[in-house]
Amino acid sequence: MISNKQQLIKDVNKLLIKKFGIPKRNEKLPDPVDLLIATILSQNTNDKNSYQAYTKLKKKFPDWEMAARAKRETIEKEIKIAGLGFQKSTAIHSFLNQLKKSKSKISLDYLINSEDQKILNELTSFKGIGVKTASCVLLFALDRNVCPVDTHVHRTVNRIGIVDQKTPDKTFIELNDKFPPKIAHSFHTNLIRLGREICKPKRPNCPACPLLKICEFPEKTTETLDEAKPNNFMLLDNVS
Ligand code: SF4
């Protein structure tokens, strides 16, 4: 039986596709290690800066074994443009070395046939890897029907009334409990676009929102604002 939550997710997905279209995806799934490192770089910055940092890092270290052997400071230097250089370089360097130590090589291919929850548990067991990063690997590198929850997804699904949670990790659990099949990528990606362009943190532009009629947010705005410029570049769909 389809629950109200599942139906609401499907309705939201349809309305967002009508507004923004079906989001483009990488033609070829990226390597899970590449994707995980790109996700670390994407934290607290925009996709343009994190893409530049990722490209620079890959150029310096075409092979992640080299990055694992390098000094953490060298990684920090390459990724400066993405901000939080110390934290991000520590997370990347530590992840690469933990993986190398436990599996003797830097590859996540051993996870490819595992179940979603097992992969989440395994990835979050690495020090410095959280639920958001692990769920991005599931969706973008392993093509699983899992919806990661970043700040935009957390804000919008709570405003719309799909979930009622205070933290992104709790939102992730409630949102992904029986998530409707096949739509996680378009739902996730278009919600990020909605959050960037219309349902902004401080002042949502509700009159311009395709979800106006079904959204349950009690503080909907009534004054029409200028529509923001399209902002649809997604780092994680451009990792290669
Ligand atoms: S109606 Fe307003 S609060 Fe609701 S999703 Fe749209 S912009 Fe956000």
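Residues numbered from 1 in each chain as written. Predicted model: local features only at pLDDT ≥ 70, side-chain atom pairs only at ≥ 80, totals over all residues. Heavy atoms only, no water.

## With respect to the site of the ligand
Working step 1: Around the ligand, the neighbouring residues are Arg 159, Ile 160, Ile 198, Cys 199, Pro 204, Cys 206, Cys 209, Leu 212, Cys 215 and Phe 217.
Working step 2: By residue class, the composition of the shell around the ligand is nine nonpolar, no polar and one charged. (Near = heavy atom within 4 Å. Nonpolar A, V, L, I, M, F, W, Y, C, P; charged D, E, K, R; others polar.)

## Considerations on the environment of Leu 191
Working step 1: With respect to the helices and strands, Leu 191 occurs in helix α11 (residues 184–197).
Working step 2: As a C-alpha pair, Leu 191 and Leu 16 span 175 residues in sequence and 7.6 Å in three-dimensional space.
Working step 3: Not counting residues up to four positions away in its chain, the partners in contact with Leu 191 are Leu 16, His 152, Val 153, Thr 156, Val 157 and Ile 160. (Helix = DSSP H or I, 4+ residues; strand = E, 2+ residues; numbered from the N terminus. Contact = heavy atoms within 4.5 Å.)

## A closer look at the nonpolar core
Working step 1: Residues Leu 96, Leu 123, Ile 162, Leu 175 and Phe 187 are the most contacted members of the largest nonpolar core, which totals 71 residues.
Working step 2: Each of domain 1 (4–25 + 149–237) and domain 2 (32–141) accounts for three or more of the residues forming this core.
Working step 3: Setting aside residues up to four positions removed in sequence, Ile 162 forms contacts with Lys 5, Leu 8, Ile 9, Val 12, Val 157, Glu 174, Leu 175 and Phe 187. (Core = buried A, V, L, I, M, F, W, Y, C linked by side-chain atoms within 4.5 Å. Buried < 20%, exposed > 50% of the residue type's maximum accessible area, 1.4 Å probe, protein only. Domains from an automatic or database assignment.)

## Describing the domain arrangement of the protein chain
Put simply, an interface is often sized by how much accessible area is lost when its parts join up.
Working step 1: One can read the domain layout of the protein chain as domain 1 (4–25 + 149–237) and domain 2 (32–141).
Working step 2: Its C-alpha centre places domain 1 at a distance of 26 Å from the equivalent point of domain 2.
Working step 3: Facing the 14 residues of domain 1 at the interface are 15 residues of domain 2.
Working step 4: When the two sides are added together, the surface that domain 1 and domain 2 hide from each other amounts to roughly 1200 Å², 75% of it contributed by carbon and sulfur.
Working step 5: Ranking the residues of domain 1 by area buried against domain 2 places Phe 172, Leu 235 and Leu 236 at the top, with a combined share of 51%.
Working step 6: Here domain 1 and domain 2 share one salt bridge between them.
Working step 7: Among the ionic pairs, Asp 47 bridges to Arg 196, the shortest N-O distance being 3.3 Å.
Working step 8: Seen at the junction of domain 1 and domain 2, the total is three residue pairs in polar contact (both at pLDDT 80 or more).
Working step 9: Here the element with the most residues in the side of domain 1 that touches domain 2 is α11; it accounts for four residues. (Buried area = accessible area lost by both parts, 1.4 Å probe. Salt bridge = Lys/Arg side-chain N within 4 Å of Asp/Glu carboxyl O. Polar contact = N/O pair within 3.5 Å; in protein donor to acceptor, adjacent residues only side chain to side chain.)

## Comments concerning helix α6 (residues 85–103)
Working step 1: The end-to-end C-alpha distance of α6, which contains 19 residues, comes to 27 Å, matching closely the 27 Å that a straight helix rising 1.5 Å per residue would cover.
Working step 2: When we look at burial in α6, the residues that qualify are Gly 85, Lys 88, Ser 89, Ala 91, Ile 92, His 93, Phe 95, Leu 96 and Leu 99.
Working step 3: Buried-residue contacts for α6 involve α2 (32–42), α3 (47–60), α4 (64–69) and α5 (72–78).
Working step 4: Downstream of α6 by one or two residues, Ser 104 has phi in the positive range, about 70°. (Expected span 1.5 Å × (residues − 1).)

## What to know about the packing of α2 against α3
Working step 1: Orientation of α2 relative to α3, taken along the N-to-C sense of each, is 135°, at an axis distance of 9 Å. The orientation of α2 with respect to α3, classified from their angle, is oblique. When the axes of α2 and α3 are compared, the crossing they make is right-handed. On the side of α2, the interface is formed by Asp 34, Ile 37, Ala 38, Leu 41 and Ser 42, while α3 contributes Ser 50, Ala 53, Tyr 54, Leu 57 and Lys 58.
Working step 2: Here the contact of α2 with α3 is composed, by residue class, of six nonpolar, two polar and two charged. (Axes fitted to C-alpha atoms, helices over the stretch in contact; angles between N-to-C directions. Parallel < 35°, antiparallel > 145°, perpendicular 65-115°, else oblique. Left-handed = near helix turned anticlockwise from the far one by under 90°.)

## Some points on the side chain of His 152
Working step 1: Among the secondary structure elements, His 152 is positioned in helix α9 (residues 151–160).
Working step 2: Judged by its relative accessible area of 18%, His 152 falls in the buried class.
Working step 3: Polar contacts involving the side chain of His 152 include one to the side chain of Arg 155, which spans 2.9 Å.
Working step 4: Each residue touching His 152, except ones within four places of it in the same chain, is listed here: Leu 191, Ile 192, Gly 195 and Arg 196.

## Brief notes about the packing of aromatic side chains
Working step 1: Going through the model one piece at a time under the given rule, you end up with three aromatic pairs.
Working step 2: Where Tyr 51 meets Phe 233, the ring centres are 5.4 Å apart and the plane angle is 80°; that geometry is what we call edge-to-face. Remark: Phe 233 occurs in the segment after α11 and Tyr 51 occurs in helix α3; sequence separation between them is 182 residues.
Working step 3: With a relative accessible area of 32%, Tyr 51 lands in the partly exposed category.
Working step 4: When the centroid spacing of 5.5 Å and the interplanar angle of 70° are considered together, the rings of Phe 179 and Phe 187 count as edge-to-face. (Phe/Tyr/Trp six-rings, centres within 6.5 Å; stacked < 30°, edge-to-face > 60°.)

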